[in-house]
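Residue-level structure breakdown
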Amino acid sequence: MNTKEQPDVILKAEDIHKSYGETKILDGISFEVERGECIIIAGPSGTGKSTLLRCINHLVPPETGRIWFNGKEVARKNVNEIRQKMSMVFQDFALFDHLTVLSNVTIGLIKGKNMDKIAAREIASEKLTDVGLDRWMNVYPGELSGGQKQRVGIARALAMEPELILFDEPTSALDPELIGEVLEIMKKLAQRQMTMMVVTHEMGFARSAGDRMFFMEGGKILESGPITQMFSNPREKRTGEFLHKLEELYGKG
């Protein structure tokens, strides 16, 4: 008798397509993500990596195809409910410049979860402390470094108590000396088995924190597999060439 437990699939996508005008961005994307996995999404610019994340949480609804989160199909009618358990960290931080750091983290709890302000402040303070920003709660984003802004973005995502976090190139807008502080927090999340999908060129992070990789090109997942296999013995020649080039540019970590 096969007693192997069935995988706990938290996210499933089936035949996702998305175009902008005549340009095909996603061309039949299908995959599953198990709870607790850190999925690295790699590939050349313009191949649909960021669009895929935005389709997952319906910031950009797919034209055709279906997505399930925790067994529920993601649709316009329930997307706000879904987003309460599916956070996103953006490349450009997406902070409100007129709000303090603390208010940037509490706003989603108050407006999205209808939480009272005192409870929201307690959660926000805890998450900001977790990312090392307890001394900056009452300042405004304009007073922060890029690395600090991104840590606010991560604290905001964590405050929603998500079951999945989508990271859209979270270090690409940072100066090189600030990248490490953000990646270190993300590594700790991976160690705690937070389910994550991470679009990144940081292959050192991919090697140390990733479980599987999706390599995308031409709007498709050209190859997927365990991180160690993708680096040491990819099936596709193109995958190996691309990852080798990334490691030449960004280092192996």
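See the structure above.
All figures in this text were calculated on a predicted structure; none of them were measured in a lab.

Scoring rules and cut-offs
Residues numbered from 1 in each chain as written. Predicted model: local features only at pLDDT ≥ 70, side-chain atom pairs only at ≥ 80, totals over all residues. Heavy atoms only, no water. 1 Å grid on protein atoms, 1.4 Å probe; cavity = no way out; pocket = protein on both sides within 12 Å on 5 of 7 lines; lining within 4 Å. Points joined across faces, edges and corners; volume = space filled by probe spheres on them. Helix = DSSP H or I, 4+ residues; strand = E, 2+ residues; numbered from the N terminus. Phe/Tyr/Trp six-rings, centres within 6.5 Å; stacked < 30°, edge-to-face > 60°. Buried < 20%, exposed > 50% of the residue type's maximum accessible area, 1.4 Å probe, protein only. Lys NZ or Arg CZ within 6 Å of the ring centre and 35° of its normal. Expected span 1.5 Å × (residues − 1). Arc of directions from axis to C-beta. Contact = heavy atoms within 4.5 Å. Polar contact = N/O pair within 3.5 Å; in protein donor to acceptor, adjacent residues only side chain to side chain. Axes fitted to C-alpha atoms, helices over the stretch in contact; angles between N-to-C directions. Parallel < 35°, antiparallel > 145°, perpendicular 65-115°, else oblique. Left-handed = near helix turned anticlockwise from the far one by under 90°. Nonpolar A, V, L, I, M, F, W, Y, C, P; charged D, E, K, R; others polar.

1. Describing the layout of surface pockets
By volume, the largest pocket is sized at about 590 Å³. In this structure, the largest pocket is lined by 18 residues; those nearest its centre are Arg-83, Phe-90, Gly-108, Arg-156 and Met-160. Secondary-structure elements contributing two or more residues to the lining of the largest pocket are α2 (79-83), β6 (86-89), α3 (101-112) and α5 (146-159).

2. Some points on the packing of aromatic side chains
Taken as a whole and judged by the stated rule, the model has two aromatic pairs. Here Phe-31 and Phe-214 contribute two aromatic rings whose centre-to-centre distance is 5.3 Å and whose plane-to-plane angle is 50 degrees, an arrangement assigned as tilted. One end of the pair, Phe-31, is in strand β2 (residues 23-34); the other, Phe-214, is in strand β9 (residues 212-217), and 183 residues separate them in sequence. Phe-214 matches Phe-31 in its accessibility class, with the two residues each being buried. With a centroid separation of 5.3 Å and an interplanar angle of 50 degrees, the aromatic rings of Phe-215 and Phe-242 are classed as tilted. Here the residue Phe-215 occupies a position in strand β9, and Phe-242 occupies one in helix α9 (residues 237-250), the gap between them amounting to 27 residues. Pair check on accessibility: Phe-215 and Phe-242 agree, each one buried. One Lys or Arg, Lys-12, reaches over the ring of Trp-68 and ends 5.4 Å from the middle of that ring. A cation sits over an aromatic face here: Arg-207 above Phe-231, 4.1 Å from the ring centre.

3. Here's the deal with helix α4 (residues 117-130)
Look at α4: 20 Å from first C-alpha to last across 14 residues, which is about the 20 Å you get at 1.5 Å a residue. Among all positions of α4, only Ala-120, Ala-124, Lys-127 and Leu-128 are buried. Each buried residue of α4 lies within a common arc of 100 degrees when the element is viewed along its axis, so the set occupies one face. Opposite the buried face of α4, by more than 90 degrees, sit the exposed residues Ile-118 and Glu-122. Tucked into the core, α4 has its buried residues touching α3 and α5.

4. Concerning the side chain of Glu-37
With respect to the element layout, Glu-37 can be found in the loop between β2 and β3 (38-42). By relative accessible area, which is 11% here, Glu-37 ends up buried. Polar contacts involving the side chain of Glu-37 include one to the main-chain amide nitrogen of Glu-34, which spans 2.8 Å. In this structure Glu-37 touches Met-194, Thr-195, Met-196, Asp-211 and Arg-212, once residues within four positions along its chain are discounted.

5. Some thoughts on the environment of Gln-148
Position of Gln-148 relative to the elements: it lies in helix α5. Sequence separation between Gln-148 and Phe-93 is 55 residues, and the spatial gap between their C-alpha atoms is 9.8 Å. Residues in contact with Gln-148, not counting those within four places in the same chain, are Leu-133, Trp-136 and Glu-181.

6. Quick notes on the packing of α4 against α5
Viewed as axis vectors pointing N to C, α4 and α5 meet at an angle of 135 degrees, and their least axial separation amounts to 9 Å. Between α4 and α5, the angle is such that the two are oblique. Of the two possible hands of crossing, α4 and α5 adopt the one that is right-handed. Residues Ile-123, Lys-127 and Leu-128 of α4 form the contact with α5, whose own contacting residues are Ala-155, Leu-158 and Ala-159. Of the residues assigned to the contact of α4 with α5, the class counts are five nonpolar, no polar and one charged.

Just distances and angles here, no functional claims.
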